[in-house]
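Reading the structure
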Amino acid sequence: MIRDVCSLHYPNNLSKTETHEKEGQILKFGCSKGHGNKKLRVISASGSKNNSKSIDTINGKKINGVHVEEYPHLGQRGNVVIVKSTELGSSSSNHSYLLGNFVDDRFVYRQSFVIRSYEIGPDKTATMETIMNLLQETALNHVANSGVGSNGFGATREMSLRKLIWVVTRIHIQVEQYSSWGDVVEIDTWVDAAGKNGMRRDWIIRNSNTHNIITKATSTWVIMNRETRRLSKIPEQVKAEVQPFYINRSAIPTAQIDSEKIEKLNDETTQIISSGLAPRWSDMDANQHVNNVKYIGWILESVPINVLEDCNLMSLTLEYRRECRLSNVLQSMTTLREIETATSDENGGIRGTECTHLIRMEADRAEVVRARSIWQPKQ
């Protein structure tokens, strides 16, 4: 029996909600040249001056860069808002639109998001790609708001001076429950050292209404030279920037992390191969390689349709082994086996499916990503 991928273990103090924002708070957005900066106030669309109020939050949370009001007939989704603007001086913060905040003595960065209609899949819940994108967005905003960020894509100032970037080498995600359209989620992220030359970043996702943890993730990052594309040791100047943010805390207990070596598939051990997968221009990120989230879609290309339709993806581990560029053509390979994924009180183990995946170059068979996924039948 494999370990329970859905069990939760996390300090209770982080599940507490923050104090609601004060009424009348403003949003600041940079505007086009000639118009200066705008000061935006979101008010109720009731038409009554007396009933107008600042609509800053859902349940005290700032959501996706827009403040929306809770409407009973729409659950947590807003209906109509009116935005009024007045002129504001040019001294507003460049990151005022990011709308996250620091908690736990500034070691943890917290941000809330609403799940939008284009972020759900055929079963009307958020996709694994959506979850990964929100994790990445929160991590980047953490750096941008920390005071050490530069104009690089998640790089610190000292990293930018040395033409260095962060690249993820491994990420493991455990999903307890998928959010639906209109649900509000709250994401916490923080960092710690990973060996001598790596950084660990963890996340937890809560349902903003119930405050239950619904997803956990952990990842390992290393530094690469932006021009040579070679891995680099972390310079002492960069360590001095990031070490004040390190906190000895884990989203997932070590015993529950999928740290086992992922088997390398080949033509003999693979059950399904999907070929001719070509990156598009829109798949590239600011670091000039395929965004790490894009590989999930290619992995699913070789997963049987009955698994996609009848099962939920409960756990995903990705090992990134080399970059993929615009000119590369890829193959997606998958092998499946039946496993016992959890223990039921009455019926013993719940049968599930474990998939081993490989994304490789079609031309020279070079490995790009190894992955392992665990699926459970939908209830």
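Because the structure is a prediction, the values reported are computed rather than measured. (Residues numbered from 1 in each chain as written. Predicted model: local features only at pLDDT ≥ 70, side-chain atom pairs only at ≥ 80, totals over all residues. Heavy atoms only, no water.)

1. A word on the overall build of the protein chain
Helix and strand content of the protein chain: 5 helices and 15 strands. In the protein chain, of all internal contacts separated by at least 6 residues, the share reaching a separation of at least 24 is 71%. Here the protein chain displays about 19100 Å² of accessible surface, and carbon together with sulfur accounts for 47% of that area. (Helix = DSSP H or I, 4+ residues; strand = E, 2+ residues; numbered from the N terminus. Contact = heavy atoms within 4.5 Å. Areas by Shrake-Rupley, 256 points an atom, 1.4 Å probe, with all protein chains shown as cover.)

2. What about the nonpolar core?
Ranked by size, the top nonpolar core spans 60 residues in total, and within it Tyr295 and Leu318 carry the most contacts. Once you skip the residues sitting within four places of it in the chain, Leu318 turns out to touch Met132, Thr169, Arg170, Ile171, Ile296, Ile299, Val369, Arg370 and Ala371. Core analysis: the second largest hydrophobic core is formed by 9 residues, Val103, Val108, Ile204 and Ile252 among them. (Core = buried A, V, L, I, M, F, W, Y, C linked by side-chain atoms within 4.5 Å. Buried < 20%, exposed > 50% of the residue type's maximum accessible area, 1.4 Å probe, protein only.)

3. Some remarks on unusual backbone geometry
At Arg106, a residue that is not glycine, the phi angle is positive and equals roughly 70°. When you line up the elements, Arg106 lands in the loop between strand S4 (101-103) and strand S5 (108-114). The backbone phi angle of His211 is positive, close to 70°, even though this residue is not glycine. Residue placement: His211 occurs in the loop between strand S8 (198-207) and strand S9 (213-225).

4. Things to note about the packing of aromatic side chains
By the definition in use, this model includes 3 aromatic pairs. Ring centres of Phe102 and Tyr109 lie 5.2 Å apart, and the angle between their planes is 65°; on these two criteria the pair is classed as edge-to-face. Since its relative accessible area comes to 18%, Phe102 is described here as buried. A relative accessible area of 0% means that Tyr109 is categorised as buried. (Phe/Tyr/Trp six-rings, centres within 6.5 Å; stacked < 30°, edge-to-face > 60°.)

5. Side note on the pattern of salt bridges
By the definition in use, this model includes 23 salt bridges. The salt bridge involving Arg162 is made with Glu158; its shortest N-O contact spans 2.4 Å. Judged by relative accessible area, which is 29%, Arg162 ranks as partly exposed. A salt bridge links Arg351 to Glu340; the nearest nitrogen and oxygen atoms lie 3.9 Å apart. You can see Arg351 sitting in strand S14 (residues 348-361) and its partner Glu340 sitting in strand S13 (residues 330-344), a full 11 residues away along the chain. The network of salt bridges with shared partners includes Arg170, Lys264, Glu319, Arg321, Glu367 and Arg370. (Salt bridge = Lys/Arg side-chain N within 4 Å of Asp/Glu carboxyl O.)

6. Observations regarding helix H1 (residues 128-146)
Its 19 residues place the ends of H1 27 Å apart at the C-alpha level, agreeing with the 27 Å of an ideal helix rising 1.5 Å per residue. Gly147, located one to two residues past H1, shows a positive phi value of around 95°. (Expected span 1.5 Å × (residues − 1).)

7. Observations concerning the side chain of Gln331
On the secondary structure map, Gln331 appears in strand S13. Only 3.0 Å separates the side chain of Gln331 from the side chain of Ser275, close enough to count as a polar contact. Here Arg360 takes part through its side chain, which lies 2.8 Å from a polar atom of the side chain of Gln331. (Polar contact = N/O pair within 3.5 Å; in protein donor to acceptor, adjacent residues only side chain to side chain.)

8. Things to note about the pairing of strand S12 (residues 311-320)
Across the 10 residues of S12, 9 count as buried, placing the element largely inside the fold. When strand S6 (residues 164-175) meets S12, the two strands line up antiparallel, connected through 5 bridges. Following the sheet pairing, Gln174 is matched in S12 by Ser315. Alignment of S12 against strand S15 (residues 367-377), held across 9 bridges, turns out to be antiparallel. Of the residues in S15, the one forming a bridge with Ser315 is Ile374. (Pairing = 2+ DSSP bridges.)

9. Some details on the side chain of Thr138
Relative to the helices and strands, Thr138 is located in helix H1. Filtering out sequence-adjacent residues up to four positions away, Thr138 remains in contact with Tyr109, Gln111, Phe113, Ile187 and Thr189.

10. Remarks on the pairing of S6
Summarising burial for S6: 11 of the 12 residues are buried, a large majority. Bridge count between S6 and S9: 11 bridges; the pairing is antiparallel. Bridging across to S9, Val167 finds its partner in Val222.

11. Quick notes on the state of the cysteines
Under the definition given, this model contains 0 disulfides. Residue Cys355 stays outside any disulfide, its sulfur separated by 8.7 Å from that of Cys311, the closest cysteine. Overall, the relative accessible area of 0% leaves Cys355 in the buried class. (Disulfide = S-S within 2.5 Å.)

12. Considering the environment of Trp298
On the secondary structure map, Trp298 appears in helix H4 (residues 294-300). Using a relative accessible area of 10% as the deciding quantity, one classes Trp298 as buried. Along the backbone, Trp298 and Leu358 are 60 residues apart, and their C-alpha atoms lie at a distance of 9.7 Å. Once residues within four sequence positions are removed from consideration, Trp298 is found in contact with Leu277, Ala278, Pro279, Asp283, Val290, Leu330, Ser332 and Ile359.

13. Things to note about the confidence of the model for the protein chain
Per-residue pLDDT for the protein chain averages 80, and the proportion of residues at 70 or more is 72%. Per-residue pLDDT stays below 50 along residues 66-94; that stretch engages in 68 contacts with residues further than four places along the chain or on separate chains. (pLDDT = per-residue confidence, 0-100.)

14. Focus: the environment of Pro304
Position of Pro304 among the secondary structure elements: in the loop between H4 and helix H5 (305-310). Those residues in contact with Pro304, other than ones at most four positions away along the chain, are Ile272 and Leu336.

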